[in-house]
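# A structural walkthrough
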Amino acid sequence: MAGERSEAQGLSSLGLLSVAVGLLVLMLVGVRTVSNTDFYTHLATSHGISEFGLGGEDALSFTTAGKSWVKATWLYDKLMAGLYGMGGAGLATIAHLLAVLVAYVLLIPTARRWANGNAIGFALLITAWLLAARFEPRSTVFALLFPAIFIHVLQERMDGPAWVPFAILLPAQVLWANMHTSFLMGPIIVLVFGVEAYLRTKKKQLGSTLVRMVALGAGCLLVSMANPVGPKLFSYVLAGWSESLFSVTQFWGSSFIDEFVGRKAFPLFYLVMGIGASGLIFYRDRLPPAITVLALFGAFVALYRYQEAIELFAILLFPFLCLCFQSIGNALSRVIQGKGTSASRAIEMAACGLAVLLGIGTVGVFASNSYFVKCGNASAFGLGANDEVIPAEALELLKREGFPDQLLNFPMDGCYIALNTDKQVLIDQRARLHTREGHQHLMSGLLGLNKEDAEIVYGQYKAQAVVVNSLAPNAEVLATRLLSSRNWKPAYFDGITLVLLLNTQENQALLGDDELKTRGLALIEKARQDYHQRLGGMVAAPLPARLIGAASMLMVFNRYAEAYELYELLKAGAPTMHTPHREQGYCKIQEGEYQDAIRHLLAAKKRAANDVRTWQMLGVAYEKSGEQDKADQAYARAKELGGGDKDGEAADPQADPAPAGPPGE
């Protein structure tokens, strides 16, 4: 390692500054309000464990009542419930920030073997951006601590007493196996470092090295069975990796993120791959086997399961990424200034200055809420939870005496409702419990897409209440279908939550509560006023989830003028959101103003050229205005994109007018 490694030894004062800036940025990127509704799944699971034990049967959902399920993150669930009870979502967020900070601090000594402080600082900045889209209180984020512990011990502590790795890694493996399903990475990391140790060990010590590493790897596998289900956990994990989990379990920051352009982090992944390739090209010495293999493994997993593995990729990549930045820096130094001491110092100062500037810029992007608004993330800079993505304000009605015991709901609200009321729900975000097929049948029945499934959901389960989260996919489809049937009536609407009750004698008292209905509508108006006042400031106004949901549902109620005005407000505060122009175009179609509709829909097309609904609506607008050739072209493009036939109005789920107005009308 003579050439490259000798240039990377130690950390100068400028290097320390770069590292400090990188760690600070890594921390601040995760300072955000909780908008991931799966957070409540962990809290609800912990509550269920407290009541029914680790082996207890499910009591949250009536569709899985009595069914046993593997609580693979039970220890994490209990930890989060304890932290939440002491300090709310803010304390849970701080715990995750500290876990990630400790993880990367543990990896810095390993990175220092091949990189100086500036290279480590740049790697930390890239890592922060890799984690940015998914850096919320989640078991996957918290579990990043464990691979970091393994890498640190196997790289930095193997030359000491033989018992040290066993004393640290075996307990860590037990905790890992009870907190997250990635625990099998522990033995894999041991295997990778074991092969490296074997290749580098002198012949006289090969036997002892082999025995030591095999014993450590086998020990990690063995102690992993110290969990509530024992060996069954292994098959559970392997089965989960054999198929990609469906969209209800995927996490990208908010329910409405698909309505924003430029939201994906995938280009950053390829940038990282480019940095890695450049580092390999310019690196002059023999690559360190273990960190190289782990980085390649992380890249492979990320390519296969990007949305579920980017965090693991970020932690496995880090030491190798530091090496790559160092390699690129050394190459630039050789080309520009040779090996002069003064020139090297100037280059170091320039690199440090650039790291600091990039760090300040990154902090500014997040602290100003610019990142969250541009990407369509429901979070905002700060601590706590965003109550606008859950039916928090509707709890008063849901817990009221006489409210039906069983209710129908979208998955994102399931565990929150079960946790905060005594109600059993239709479905929640525990995908492995409900299974892919079960989820598909329940959602098909809930939306009325299949007659047999609908008979089960609405007939067999005999639920008398439906809680619709306006931000959920197809929420407007469900609301339109139920209101059009005239069997269901709106009892409450606050922009986020629409509560529908069967129009029965037993529900008349709740349906006739005008005060509750007025309060819900007042929340929408307050949100509108607050958002309007916050626009134009140095700190971007957080995305108003309540207004986004309200605008969608107001069109279901045929309140097009009010919906149009809300979308106009959203255009001012969320310029990367492509749906306001589209939905304004739809409003204008319904009002007979076809030229205005075309103007809005063309603007929507510029922002999202492959959006099927935009092309369908554009076809309708052209046809209504007498421009049949353009209408045919729009319909044809919609069909190419998977939009079915040219009947744009029928293809749009909001086309059938709902006979009932919103609560309070």
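Remember, predicted model here, so these are calculated numbers, not experimental data.

## Some points on the overall build of the protein
- Counting secondary structure elements, the protein contains 31 helices and five strands.
- Sequence separation of at least 24 residues holds for 76% of the intrachain contacts in the protein that already meet a minimum separation of 6.
- Here the protein has roughly 27100 Å² of accessible surface; of this, 59% comes from carbon and sulfur atoms.

## Looking at the side chain of R546
- By secondary structure assignment, the location of R546 is in helix α25 (residues 545–556).
- Looking at R546, its side chain comes within polar contact range of the main-chain oxygen of D494, at 2.9 Å.
- With sequence-adjacent residues up to four places away left out, R546 is seen in contact with E388, E393, D494, G495, I496, L523, I524 and A527.

## So, the side chain of E196
- Summarising the element assignment, E196 is placed in helix α9 (residues 185–200).
- Within the local environment of E196, its side chain forms a polar contact with the backbone nitrogen of A290, the two atoms lying 2.8 Å apart.
- For E196, the contacting residues outside a window of four places in its chain are Q155, P288, P289 and A290.

## Observations regarding the packing of α9 against helix α13 (residues 289–304)
- At a minimum axis separation of 9 Å, α9 and α13 run at an interaxial angle of 145°. Relative to α13, the crossing made by α9 is right-handed. For the pair α9 and α13, contact is made by M185, I189, V192, F193, E196 and R200 and by P289, A290, V293, L294 and F297, respectively.
- Of the residues belonging to the contact of α9 with α13, the class tally is nine nonpolar, no polar and two charged.

## Digging into the nonpolar core
- In terms of nonpolar packing, the biggest core is built from 200 residues, with Y104 and F410 touching the most fellow members.
- Apart from residues lying up to four places away in sequence, F410 is in contact with I427, M443, L446, L447, V467, V468, N469, A472, P473, N474, A475 and L478.

## What to know about the pairing of strand β1 (residues 406–409)
- Relative to strand β2 (residues 424–425), β1 is paired through two bridges, and the arrangement is parallel. What sits directly across from L407, in β2, is V425.
- Handedness of the crossover joining β1 and β2 through helix α18 (residues 411–420): right-handed.

## Quick notes on the sheet that holds strand β3 (residues 465–469)
- Judged by pairing direction, the sheet is mixed, and its five strands sit side by side in the order β2-β1-β3-β5-β4 without closing on themselves. Each having just a single partner strand, β2 and β4 (488–493) make up the two edges of the open sheet.

## Quick look at the pairing of strand β5 (residues 497–502)
- When you tally the buried positions in β5, you get five out of six residues, the bulk of the element.
- Where β3 and β5 come together, five bridges link them in antiparallel fashion. Bridge pairing in β5 links V467 to V499.
- For β4 and β5, the ladder comprises five bridges, and the chain directions are antiparallel. Residue pairing across strands places W488 opposite L502, the latter belonging to β5.
- The turn linking β4 back onto β5 is made up of three residues, and G495 within it adopts a positive phi angle of 95°.

## A word on unusual backbone geometry
- With phi around 55°, K462 is a residue other than glycine that occupies positive phi space.
- Summarising the element assignment, K462 is placed in the loop between α21 (451–460) and β3.
- A relative accessible area of 63% places K462 in the exposed class.
- Positive phi, close to 70°, is recorded for N474, a residue that is not glycine.
- With respect to the helices, strands and loops of the structure, N474 is situated in the loop between β3 and α22 (475–485).

## Focus on the confidence of the model for the protein
- Per-residue confidence for the protein gives a mean pLDDT of 86, with 90% of residues at or over 70.
- Helix α31 (residues 648–651) is the least confidently modelled element of the protein, averaging 36 in pLDDT, while helix α4 (residues 74–112) averages 96, the highest of any element.
- Here residues 245–252 is a poorly scored stretch, pLDDT under 50, and it has 26 contacts once near neighbours within four places are set aside; other chains count.
- Every residue in residues 646–662 is under pLDDT 50, and counting partners more than four places away or in other chains gives 44 contacts.

## What to know about a nonpolar patch on the surface
- Side chains of L191, V195, Y198, L199, L210 and V214 sit close together on the surface and give an oily, nonpolar patch of about 580 Å² of accessible area.
- In terms of residue count, the dominant contributor to the nonpolar patch is α9 (four residues).
- Structurally, L191 is set in helix α9.

## Describing the packing of aromatic side chains
- Under the defined criterion, the tally for this structure stands at 18 aromatic pairs.
- A centroid spacing of 5.0 Å and a plane angle of 80° characterise the contact between Y40 and Y416, whose relative ring orientation is edge-to-face. With Y40 in helix α3 (residues 39–52) and Y416 in helix α18, the pair connects residues that are 376 residues apart, well separated along the chain.
- Judged by relative accessible area, Y416 falls into the buried class, the value being 8%.
- Look at F493 and F557: their rings are 5.7 Å apart centre to centre, the planes differ by 75°, and that puts the pair in the edge-to-face class. In this pair, F493 is assigned in strand β4 and F557 in the loop between α25 and α26 (560–573), connecting sequence segments 64 residues apart.
- A network of ring pairs unites the aromatic residues F39, Y40, Y84 and Y416 as a single cluster.
- In this structure, R430 is placed above the aromatic ring of W69, and the distance from its NZ or CZ to the ring centre is 4.8 Å.
- Cation over ring: R432 sits above Y236, and NZ or CZ is 3.9 Å from the ring centre.

## Regarding helix α28 (residues 594–607)
- Taking 1.5 Å of rise per residue, the 14 residues of α28 would be expected to cover 20 Å, and the 20 Å separating its terminal C-alpha atoms lies within 8% of that figure.
- Among the residues of α28, A597, I598, H600, L601, A603 and A604 are the ones counted as buried.
- Turning to α28, the residues buried within the fold contact α26, α27 (579–590) and α29 (612–624).

## Side note on the packing of α29 against helix α30 (residues 628–640)
- Here α29 crosses α30 at 160°, and the two axes come no closer than 8 Å. Here α30 runs roughly antiparallel to α29, going by the angle between their axes. The two elements α29 and α30 cross, and the hand of that crossing is left-handed. Where α29 approaches α30, its residues V612, W615, Q616, L618, G619, V620, Y622 and E623 are matched on the opposing element by Q628, K630, A631, A634, Y635, R637 and A638.
- Among the residues forming the contact of α29 with α30, the class breakdown is nine nonpolar, three polar and three charged.

The rules we used
- Residues numbered from 1 in each chain as written.
- Predicted model: local features only at pLDDT ≥ 70, side-chain atom pairs only at ≥ 80, totals over all residues.
- Heavy atoms only, no water.
- Helix = DSSP H or I, 4+ residues; strand = E, 2+ residues; numbered from the N terminus.
- Contact = heavy atoms within 4.5 Å.
- Areas by Shrake-Rupley, 256 points an atom, 1.4 Å probe, with all protein chains shown as cover.
- Polar contact = N/O pair within 3.5 Å; in protein donor to acceptor, adjacent residues only side chain to side chain.
- Axes fitted to C-alpha atoms, helices over the stretch in contact; angles between N-to-C directions.
- Left-handed = near helix turned anticlockwise from the far one by under 90°.
- Nonpolar A, V, L, I, M, F, W, Y, C, P; charged D, E, K, R; others polar.
- Core = buried A, V, L, I, M, F, W, Y, C linked by side-chain atoms within 4.5 Å.
- Buried < 20%, exposed > 50% of the residue type's maximum accessible area, 1.4 Å probe, protein only.
- Pairing = 2+ DSSP bridges.
- Right-handed = clockwise from strand over helix to strand, strands pointing away.
- pLDDT = per-residue confidence, 0-100.
- Patch = residues over 30% accessible without salt bridge, like charges linked within 9 Å, V, L, I, M, F, W, Y side chains within 5 Å.
- Salt bridge = Lys/Arg side-chain N within 4 Å of Asp/Glu carboxyl O.
- Phe/Tyr/Trp six-rings, centres within 6.5 Å; stacked < 30°, edge-to-face > 60°.
- Lys NZ or Arg CZ within 6 Å of the ring centre and 35° of its normal.
- Expected span 1.5 Å × (residues − 1).
- Parallel < 35°, antiparallel > 145°, perpendicular 65-115°, else oblique.

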